[in-house]
Amino acid sequence: MRNIYLAICIAFIPAAALAAESTIKLDPVEVDLQDKPSLRRGARIFVNYCLSCHSAAYMRYDRMGRDLGISEELVEENLMFATDKVGNLMTVTMPRADAETWFGVAPPDLTLVTRSRGPQWFYNYMRSFYRDPKTVSGWNNLHFPDVAMPNVLYGMQGVQRAVFEPKEDGTKEFQGFEVERPGAMTPKEFDQAMRDLTNFMVYLGEPARLVRGRIGVYVLIFLAVFVVFAYLLKRNYWKDIH
Ligand code: HEC
């Protein structure tokens, strides 16, 4: 019996730990892997703005092109900056040791980030960078306090400041963001771009999801047809017995 209590306690530890990490509400994000144009736009942002520091070392350029319906020539022209062979993995040229010296911590591989952190966290993280003169990079993040990553998308998003209100128990409560300088996109356009990026990151974490849905439909059709034949066969076998 005691073991059961222990198992229940252990099952709740991660939830409790996560809950303690951040109490700030996450905005919802709709992930739709059938939306190929959105996946392509997300891929474009990823290779242009993220691949210089982060790798996606479980994915090859040609597979990405095939899955997203982009021809090999277009992949080579528009999406490949870190390598020259379309069959290569999406690795990064920045040496790990240098990255650690520059940022204090090497940028992690991002292939599985929406699986470890969840798509919703990722979407909110990307929209929550704010100016903070107290950090080394001058940036901070609402969902990743004292993050070593600068806001690489501030050209699109603009620069925002976070407003906190001190509470009696010494902690600060987040009130909202204030625009310091607008970016090239409106907030709505930027949210859409981050949805595209989230969509792409979910695809990156599990490319087989694209195929799985399609195969699932065929399997169900097969089973439906098979039921008819199985039933006819059963009727035939039992004919003489009844
Ligand atoms: C200038 C280098 C640089 C660029 C460019 C960059 N990042 Fe980062 N990123 C970092 C560093 C360094 C960290 C580690 C932060 C830490 O642990 O404090 C990080 C951390 C992250 C994390 C958190 C990972 C985790 O689970 O801990 C995510 C998500 C992320 N980056 C996404 C992106 C995306 C998406 C882009 C492209 C839009 C991008 N980054 C571009 C340097 C970069």
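Residues numbered from 1 in each chain as written. Predicted model: local features only at pLDDT ≥ 70, side-chain atom pairs only at ≥ 80, totals over all residues. Heavy atoms only, no water.

### Side note on the overall build of the chain
A tally of helices and strands in the chain yields 10 helices and 6 strands. Against the compact-globule benchmark of 18 Å for 242 residues, the chain has a radius of gyration of 24 Å, which places it well outside the compact range. Referenced to the eigenvectors of the C-alpha coordinate spread, the extents of the chain come out at roughly 85 × 60 × 35 Å. Here the chain holds 242 residues, and the buried ones make up 33% of them. A separation of at least 24 residues holds for 65% of the contacts in the chain among residues at least 6 apart in sequence. Carbon together with sulfur atoms contributes 59% to the accessible area of the chain, which is approximately 15,800 Å² in total. A distance of 8 Å separates the average location of the 28 positive side-chain charges in the chain from that of its 28 negative side-chain charges. (Helix = DSSP H or I, 4+ residues; strand = E, 2+ residues; numbered from the N terminus. Rg over C-alpha atoms; globule rule 2.2 N^0.38 Å. Buried < 20%, exposed > 50% of the residue type's maximum accessible area, 1.4 Å probe, protein only. Contact = heavy atoms within 4.5 Å. Areas by Shrake-Rupley, 256 points an atom, 1.4 Å probe, with all protein chains shown as cover. Lys, Arg positive; Asp, Glu negative; His and termini not counted. Charge placed at Lys NZ, Arg CZ, Asp CG, Glu CD.)

### What to know about the side chain of D67
Structurally, the position occupied by D67 is in helix α3 (residues 61-68). At 2.8 Å, the side chain of D67 forms a polar contact with the side chain of Y203. Apart from residues no more than four positions distant in its own chain, D67 is found in contact with K36, Y203, P207 and L210. (Polar contact = N/O pair within 3.5 Å; in protein donor to acceptor, adjacent residues only side chain to side chain.)

### Notes on unusual backbone geometry
If a residue is not glycine, its phi is most likely negative; likewise, a peptide bond is most likely trans. The residue D146 is not glycine, and still its phi comes out positive at about 55°. Along the polypeptide, D146 turns up in the loop between β4 (139-141) and α8 (154-157). With relative accessibility at 60%, the residue D146 sits in the exposed group.

### Some remarks on the site of the ligand
By nearness alone, 22 residues border the ligand, and C50, C53, H54, A148 and M149 come closest of all. H54 places a side-chain nitrogen or oxygen 2.7 Å from a nitrogen atom of the ligand. A148 has a polar backbone atom sitting 2.8 Å from an oxygen atom of the ligand. Because more than half of its atoms lie within 2 Å of the grid, the ligand is assigned to the second largest pocket. With 3 residues, the single largest contributor to the shell around the ligand is helix α7 (residues 119-126). Within the shell around the ligand, the residues separate by chemical class into 19 nonpolar, 2 polar and 1 charged. (Near = heavy atom within 4 Å. 1 Å grid on protein atoms, 1.4 Å probe; cavity = no way out; pocket = protein on both sides within 12 Å on 5 of 7 lines; lining within 4 Å. Sits in = over half its atoms within 2 Å of the grid points. Nonpolar A, V, L, I, M, F, W, Y, C, P; charged D, E, K, R; others polar.)

Everything listed here is a matter of geometry and, on its own, says nothing about what the molecule does.
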